[in-house]
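Letter by letter, the chains look like this.
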Amino acid sequence: MTLPAKHPKDSRAATLERLLYVVLFFFVYSVAEVVLGAVVVIQFGFVLVTGARNENLLRFGASLSRFIYDVFRYMTFNRDDRPFPFQPWPPP
């Protein structure tokens, strides 16, 4: 009986390298979380003052949310491609 060949990215060195990126992206996520909170507060302020949503904040919030989602997917091994800055910034 033959065992299936390991995927090249499954090596111990690749896993340890991924651990370093996961730690890095955890800190990046922490900053992104604060920025997302600021976007929420500022958007509420715009809606309260003007009665309309700010389109720039809508687009930025959508793309930031996708970035955070990509970070989570990478950190949980659901995605092998590292997110931004290793990939283009996600569109809104």
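Report on the accompanying structure. (Residues numbered from 1 in each chain as written. Predicted model: local features only at pLDDT ≥ 70, side-chain atom pairs only at ≥ 80, totals over all residues. Heavy atoms only, no water.)

Looking only at helices and strands, one finds two helices and zero strands in the protein chain. Among the 92 residues that make up the protein chain, the fraction classed as buried is 24%. Across the protein chain, the fraction of contacts at a sequence separation of at least 24, relative to all contacts at a separation of at least 6, is 61%. Of the roughly 7,000 Å² that the protein chain leaves accessible, carbon and sulfur atoms contribute 67%. (Helix = DSSP H or I, 4+ residues; strand = E, 2+ residues; numbered from the N terminus. Buried < 20%, exposed > 50% of the residue type's maximum accessible area, 1.4 Å probe, protein only. Contact = heavy atoms within 4.5 Å. Areas by Shrake-Rupley, 256 points an atom, 1.4 Å probe, with all protein chains shown as cover.)

This part takes up the packing of helix α1 (residues 12-50) against helix α2 (residues 55-75). Relative orientation and spacing of two packed helices are given, respectively, by the angle between their axes and the distance between those axes. α2 packs onto α1 with a crossing angle of 155° between their chain directions and a minimal axis gap of 9 Å. Here α1 is positioned roughly antiparallel relative to α2, judged by the angle of their axes. As for how α1 packs across α2, the hand of that crossing is left-handed. (Axes fitted to C-alpha atoms, helices over the stretch in contact; angles between N-to-C directions. Parallel < 35°, antiparallel > 145°, perpendicular 65-115°, else oblique. Left-handed = near helix turned anticlockwise from the far one by under 90°.)

So, about α1. The end-to-end C-alpha distance of α1 is 55 Å, a good match for the 57 Å that 39 residues give at a rise of 1.5 Å each. Among all positions of α1, only R18, Y21, V22, F25, Y29, A32, V39 and Q43 are buried. Lining the buried residues of α1 we find α2. At the C-terminal side of α1, G51 shows a positive phi close to 80°. (Expected span 1.5 Å × (residues − 1).)

So, about the environment of W89. As for its placement among the helices and strands, W89 is situated in the segment after α2. For the pair W89 and L64, spaced 25 residues apart in sequence, the C-alpha to C-alpha distance is 8.7 Å. Dropping the residues within four chain positions of it, W89 is found in contact with F60, S63, L64, F67 and F84. A polar atom in the side chain of W89 sits 3.0 Å from the side chain of S63. (Polar contact = N/O pair within 3.5 Å; in protein donor to acceptor, adjacent residues only side chain to side chain.)

Structural measurements only, silent on function.
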